[in-house]
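The lines below spell out each chain.
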Amino acid sequence: MAVSFVCIFIAALNLGVQYIVNKNIPAETGVDILENLSRVSILQTVIGFVAMLGVYRLDYTILAGKSRMIGAAYLVLLIILSFFFGAPLNGMTYWIRIGALSVPIFALMVLYLPIFAGILYEFRGKGKAAIVKIVLWMFAPVLFQLIAGYISFPVLLFVVVSEILLFGIALRKDFGK
């Protein structure tokens, strides 16, 4: 119950911040604050709220044995979405835009990190031979970014360093046993 309240609070806070940002747009631009909020922000807030509740209620043990398949499917889906719905800017695809919904690829790359944690869990107890496979999975997002046309060094650095930290934690917790 408390998590639902927190999700609702975050969603309401998002709409409040959007309103404050949009109300400072000069009237000469022709942008109607309430129209902009009702079309885009409310849709994104509802989708985010449903996603937060879904992740909260998700039973991770079901996904533990299928992490590699989920990781591969996720990255292939991102490549397909970036080709068909990618919004290029200066020759690089920054967003995936479907209708009024626009999601930055950086946010989607961050969502790969829990999948990678599941992949680490799947390789737990498999010995030192699994380390090579884990390193390959660490560089899968780099390959995605090269194929999708989204090459951002800060994002690559963030994702790879985060994966290294997750791997370091797994090694410290007797990963190889």
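Residues numbered from 1 in each chain as written. Predicted model: local features only at pLDDT ≥ 70, side-chain atom pairs only at ≥ 80, totals over all residues. Heavy atoms only, no water.

When you go through the chain residue by residue, the secondary structure sums to nine helices and three strands. Across the 177 residues in the chain, those meeting the buried criterion constitute 29%. Nonlocal contacts in the chain, meaning residues at least 24 apart in sequence, comprise 62% of its contacts between residues at least 6 apart. Within the structure as shown, the chain displays about 11,400 Å² of accessible surface, and the carbon and sulfur contribution to it stands at 73%. (Helix = DSSP H or I, 4+ residues; strand = E, 2+ residues; numbered from the N terminus. Buried < 20%, exposed > 50% of the residue type's maximum accessible area, 1.4 Å probe, protein only. Contact = heavy atoms within 4.5 Å. Areas by Shrake-Rupley, 256 points an atom, 1.4 Å probe, with all protein chains shown as cover.)

With that settled, consider the sheet that holds strand β3 (residues 101–104). Strands in a sheet are paired, the pairing made by backbone hydrogen bonds, and the direction either parallel or antiparallel. Reading across the sheet, the three strands line up as β1-β2-β3 and stay open at both edges, with antiparallel pairing between neighbours. In this open sheet, the two edge strands, each paired with only one partner strand, are β1 (86–89) and β3. The average angle at which neighbouring strand axes cross in this sheet is 35 degrees, direction not considered. As judged from the four bridges shared by strand β2 (residues 92–98) and β3, these two strands associate in the antiparallel manner. Counted as the bridge partner of Ile98 is Leu101 from β3. Where helix α4 (residues 67–85) meets the sheet, it contacts β1 and β2, and its direction lies at approximately 85 degrees from that of β2. (Pairing = 2+ DSSP bridges. Axes fitted to C-alpha atoms, helices over the stretch in contact; angles between N-to-C directions.)

As a further point, take helix α7 (residues 129–138). Taken residue by residue, α7 has Ala130, Ile134, Trp137 and Met138 as its buried positions. Across the axial projection of α7, the buried residues extend over an arc of 105 degrees, all falling on one side. Relative to its buried face, α7 has exposed residues pointing more than 90 degrees away, namely Ala129, Val132 and Leu136. The elements touched by buried residues of α7 are α4, α6 (112–122), α8 (140–148) and α9 (153–172). (Arc of directions from axis to C-beta.)

Now for the environment of Val161. The topology assignment puts Val161 in helix α9. Taking the C-alpha atoms as reference, Val161 lies 9.6 Å from Met138; in sequence the two are 23 residues apart.

As a further point, take the nonpolar core. Grouped together as the largest cluster of nonpolar side chains are 26 residues, with contacts concentrated most on Leu78, Tyr112 and Phe144. Broken down by secondary-structure element, the contributors of at least two residues to this core are α4, α5 (105–110), α6, α7, α8 and α9. The element best represented in this core is α6, accounting for six residues. Look past the residues within four positions of Tyr112 in its chain and what remains in contact with it is Gly71, Tyr74, Leu75, Ile119, Trp137, Ala140, Pro141 and Glu163. (Core = buried A, V, L, I, M, F, W, Y, C linked by side-chain atoms within 4.5 Å.)

With that settled, the discussion passes to the pattern of salt bridges. Across all of its chains, the model carries one salt bridge by this definition. Of the charged contacts, one joins Arg68 and Glu122 as a salt bridge, the two residues approaching to 2.8 Å between their closest N and O atoms. Taken together, the positions of Arg68 in helix α4 and Glu122 in helix α6 put the pair 54 residues apart, joining distant regions of the chain. Given the relative accessible area of 32%, Arg68 is considered partly exposed. (Salt bridge = Lys/Arg side-chain N within 4 Å of Asp/Glu carboxyl O.)

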